[in-house]
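Fold and geometry: a report
Residue-level listing of the chains:
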Amino acid sequence: QVHLAESGGGLVQPGGSLRLSCAASGSIFSIDAMGWYRQAPGKQRELVAFMASGGSTNYADSVKGRFTISRDNAENTVYLQMNSLKSEDTAVYYCNVVARVSRLYSARSYWGQGTQVTVSS
């Protein structure tokens, strides 16, 4: 199994910054992709940013130019640097990892428990 440990959420004023971290551990053979989703109250979970093993990235239009995703492959950790935060960024942020536990098994998706980000004055 793969366990994801998230950290870095909290309360920040509009225009401020936060950095989220997500460390993957357990029986990991390989990681195909790592990223972040978010879910605001009353809304569906949506993609924020994703990074494939080769380094290609994908961002939601609403965060382009403000958020940056990065990975430390040696530590199986993914980061989300969030700058110029807006009230509409308020949500629970979930780490997502697509990983294999063995070369014999297909990759599957794993989720963190979520970390609250609140942007408010």
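It should be emphasised that the depicted structure is a prediction, and the values quoted were computed from it without experimental measurement.

**A look at the sheet that holds strand E3 (residues 18–26)**
Within the open sheet, the four strands sit side by side as E1-E3-E8-E7. Their pairing is antiparallel. Edge positions in the open sheet fall to strand E1 (2–7) and strand E7 (67–72), since each of these has one partner strand only. When strand polarity is set aside, the average angle formed by the axes of neighbouring strands in this sheet is 15°. Sheet topology note: the E1/E3 ladder contains six bridges and is antiparallel. By the bridge assignment, Glu6 is partnered in E3 with Cys22.

**Notes on a nonpolar patch on the surface**
On the surface, a nonpolar cluster with roughly 350 Å² of combined accessible area is contributed by Val101, Leu104 and Tyr105. Checked against the element boundaries, Leu104 lands in the loop between strand E9 (91–100) and strand E10 (108–111).

**Let's talk about the environment of Leu47**
Summarising the element assignment, Leu47 is placed in strand E5 (residues 46–52). For Leu47, a relative accessible area of 24% puts it in the partly exposed group. When the C-alpha atoms of Leu47 and Ser120 are compared, they prove to be 22 Å apart, with 73 residues separating the residues in sequence.

Cut-offs applied
Residues numbered from 1 in each chain as written. Predicted model: local features only at pLDDT ≥ 70, side-chain atom pairs only at ≥ 80, totals over all residues. Heavy atoms only, no water. Pairing = 2+ DSSP bridges. Helix = DSSP H or I, 4+ residues; strand = E, 2+ residues; numbered from the N terminus. Axes fitted to C-alpha atoms, helices over the stretch in contact; angles between N-to-C directions. Patch = residues over 30% accessible without salt bridge, like charges linked within 9 Å, V, L, I, M, F, W, Y side chains within 5 Å. Areas by Shrake-Rupley, 256 points an atom, 1.4 Å probe, with all protein chains shown as cover. Salt bridge = Lys/Arg side-chain N within 4 Å of Asp/Glu carboxyl O. Buried < 20%, exposed > 50% of the residue type's maximum accessible area, 1.4 Å probe, protein only.

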